[in-house]
Amino acid sequence: MASSRTRQRKLARAKYDRQMARKAAQTRRKRRVQAGVGAAVALALIVVGTVWVLGGFDSDPKDEAAADICAWTAADAANNPNLKDVGKPATKDLPTTGTRPMTITTDQGAPITVSLDVASAPCASASLAHLASNGFYDNTKCTEITADGALRCGDPGGTGTGGPTYTFYNENVPSAPSPSPSPAAGQPALYPKGTVALVGNPPGSNGSQFLIFFKDFSPTDAPAYPIVGRVTSGLDVVEKIGKIKTVDNGSGANVKPDKDITIQSLTVGEMDPVSPEPSTPTTGAPSATQSPTPAATPSQS
């Protein structure tokens, strides 16, 4: 009897031991699973943190090309032998604010300095700088003293039909005043004396040719010359040139200077990002005694 109870106790004890062993094994497995999950979470946090530090969660950068500021249209060089190829200016990353000094040295007296209005005519300014940096204007002749009171220059061949092998569109053309039966006296000229403007051939197809007005001018029809800047010193030289006798240019127009007017050099200086005053004339002629723009140096476009 005692032996039977002893055997039962042993069996119960063995069963209890097996139950405890299974429970211990389950506990160890649970702890291993929890440890694995914890390690995985920690690793994931490390990876996420590293990606965040390296900017992996930043917005995807837009791989967009910079927008063109200017467009240059190829000119028909095959049908115009008077065009001179010096390449084209850049189309992107061009300045669009401030002013830029341009210096025109002629054989007629002191240099003529001009403030280019980059803000209002960025493409015209970029084109002038590009052409100047390639010596395009050096040792060229001004071809006309126009009936409108302007000196016309910028054709390297001196024919009036020359230019670079590209053209570009109008910028900064003044608006014609509203029609009025009795215009106000003293209304400002659309192209005041000292204005520097481009002249296209045909109009609206600009290249290298430009006008320097030595008289106030307001056209009777729609304005066609895009303004690029104004004379800041040397206007007296332009006025003196304007008094040179003119003769027939061969096509019936009495606009050809009776003697050569040579641009010895034309340079465009570095950008002035701050323009304290309007860089195109609006109400009258600039003073011929105004302080000259600092000497310009050749500039790459």
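Refer to the preceding data block for the structure.
Residues numbered from 1 in each chain as written. Predicted model: local features only at pLDDT ≥ 70, side-chain atom pairs only at ≥ 80, totals over all residues. Heavy atoms only, no water.

Our next topic: the state of the cysteines. By definition, a disulfide is the covalent link that joins the sulfur atoms of two cysteine residues. Scanning all chains against the criterion turns up two disulfides. Note that Cys-70 is cross-linked by a disulfide to Cys-123, the S-S spacing being 2.0 Å. As the torsion about the S-S bond is roughly -100°, the Cys-70-Cys-123 disulfide counts as left-handed. With Cys-70 in the loop between helix 1 (2–53) and strand 1 (73–74) and Cys-123 in helix 2 (residues 122–133), the pair connects residues that are 53 residues apart, well separated along the chain. (Disulfide = S-S within 2.5 Å. Helix = DSSP H or I, 4+ residues; strand = E, 2+ residues; numbered from the N terminus.)

Across the seven residues that make up strand 12 (residues 227–233), a large majority, seven, are buried. Pairing analysis gives four bridges linking strand 4 (residues 112–117) to strand 12, with the strands arranged antiparallel. Across the sheet, Thr-113 pairs through a bridge with Ser-233, a residue of strand 12. Both strand 10 (residues 195–198) and strand 12 contribute to a ladder of three bridges, which runs antiparallel. (Buried < 20%, exposed > 50% of the residue type's maximum accessible area, 1.4 Å probe, protein only. Pairing = 2+ DSSP bridges.)

Attention shifts here to the pairing of strand 4. Burial analysis of strand 4 places six of its six residues in the buried class, the great majority of the element. Pairing geometry for strand 3 (residues 99–106) and strand 4, over six bridges, is antiparallel. Residue Thr-99 lies in a different strand from strand 4, and its bridge partner there is Asp-117. Count of turn residues in the strand 3/strand 4 antiparallel hairpin: five residues, of which Gly-109 carries a positive phi of about 145°.

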